[in-house]
Amino acid sequence: MMGFCGDGYRGMALNVGVNTIEEELISALQKCKFIKPENARELGKMYFQRASRTDKGVSAARQVVSTNLNLGPDRDLKSAVSQLNEALPDNIIVYDIIKATKHFDSHKFASSRVYEYNCPSFAMAPTLGDTWSGYRMTPEVLENVRNFLQNFVGTKNYYNYTSNKSANDPSCFRYIRSITVSDPIVVEEIEYIRIFLHGDSFIYHQIRKIVGMTIAVMRNVAPSDHLEKSFLKERCDVPLAPGLGLVLDEVKMSRYNKKFGKDGCHEPLVWEPYEEQVQEFKMKYILSVIHRKEQAESTMFNWLQTLKKHKFYTGDVLPDILTGESESTDTKATGGLTTGNEGGSTVAESSEA
């Protein structure tokens, strides 16, 4: 049970020669002698798996990783947690080590994921001139954003919300359980809304394009029928919002807890016991980084200037600048463990479609 700030890392998954979260974690496990040195680059031998992958710069507040550890039957797990955290950098935290079932696979037992997107409220302003820190979202605009995002709830074809997929690929169909939007908060003069998307899994770029489409419609840049067209099989222009505000907020283990959490032998994998710790870490090492970088680099403000490059038309081929397909994930794991997927899908990506 862990969390991390993804800023400065090229994703979570181990990639030899690249700075990743798993590189830091495995290095710390070696330092603590919790794993054998010969297994550090052969993750399959220690049944290593993450519940959900994250890409370059994306943080996680509540992530689950499964692996075999050499702790011994009498080792106090709380002291092992303290030892591991001392070996990790401050921007990566282990909340707990919990003994699970033999060969437990955190990815297979992950029932769903919650992602959070921290969005400056001026991005949703219906007047194009309202694009800086002084903007404050009205209750009417907030309600419009909330209502529009409900169009993404349920099972939809997200062919136009990802890249390098064919229109008939079944993995493009994804199920979103709910989308909620917080009331606005002001941090360092910039007002933000926090968008929470709860789904079984998310395909690469899906969340950022959902936010991009919402911004384009709220700002009256995209035509009113563009959303409906985006769910069809014809290629359609959907803007890719900045990655800065994206956070894996929570991995839910409901499937595992239902099967093993009350068997008298295993603890349930729930987050409530660590909630205070999670919120403290999230504010100090995740949200503060997002707010600081937005303030310093004007990430969303600068991205809004690119919306004028979008023509919001449909067709078989769109320029790379419109589709975002020139971007590719550069954090694919070695050993065939993961593919470029925002929501945590592994080798058989369509298994979570």
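For clarity, every value in this text was computed on a predicted model and none was experimentally measured. (Residues numbered from 1 in each chain as written. Predicted model: local features only at pLDDT ≥ 70, side-chain atom pairs only at ≥ 80, totals over all residues. Heavy atoms only, no water.)

Engineer: Could you give me a rundown of the overall build of the chain, with the residues and numbers involved?
Structural biologist: Counting its secondary structure elements, the chain contains 10 helices and 11 strands. Counting all 353 residues of the chain, 56% fall into the buried class. In the chain, once contacts between residues fewer than 6 apart in sequence are set aside, the share between residues at least 24 apart is 75%. About 15,500 Å² of surface is accessible on the chain, with carbon and sulfur atoms providing 49% of the total. (Helix = DSSP H or I, 4+ residues; strand = E, 2+ residues; numbered from the N terminus. Buried < 20%, exposed > 50% of the residue type's maximum accessible area, 1.4 Å probe, protein only. Contact = heavy atoms within 4.5 Å. Areas by Shrake-Rupley, 256 points an atom, 1.4 Å probe, with all protein chains shown as cover.)

Engineer: Lay out the pairing of strand E8 (residues 173–181) in plain terms, naming residues and giving numbers.
Structural biologist: Relative to E8, strand E7 (residues 154–157) runs antiparallel, the two being bridged by 4 bridges. Paired with Lys 156 across the strands is Arg 174, a residue of E8. Two strands pair when backbone bridges link them, and E8 and strand E10 (residues 190–199) are joined in this way by 5 bridges, in the antiparallel orientation. Looking at the pairing, Ile 179 lines up with Leu 197 of E10. (Pairing = 2+ DSSP bridges.)

Engineer: Any details on the environment of Leu 69? Residues and values, ideally.
Structural biologist: The residue Leu 69 is located in the loop between strand E4 (65–66) and helix H2 (77–87) in this model. As a C-alpha pair, Leu 69 and Ile 97 span 28 residues in sequence and 9.8 Å in three-dimensional space. Apart from the residues within four sequence positions on either side, Leu 69 is in contact with Leu 29, Phe 34, Ile 35 and Ile 97.

Engineer: Help me get a handle on empty space enclosed by the protein, residues and values and all.
Structural biologist: Evaluated as defined, the whole model comprises 1 cavity of 30 Å³ or more. Empty space within the largest cavity amounts to approximately 50 Å³. Those elements that place two or more of their residues in the lining of the largest cavity are strand E6 (112–120), helix H8 (275–297) and helix H9 (299–304). Counting residues per element, the lining of the largest cavity draws most heavily on E6, which supplies 3 residues. In terms of residue class, the lining of the largest cavity is built from 6 nonpolar, 3 polar and 1 charged. (1 Å grid on protein atoms, 1.4 Å probe; cavity = no way out; pocket = protein on both sides within 12 Å on 5 of 7 lines; lining within 4 Å. Points joined across faces, edges and corners; volume = space filled by probe spheres on them. Nonpolar A, V, L, I, M, F, W, Y, C, P; charged D, E, K, R; others polar.)

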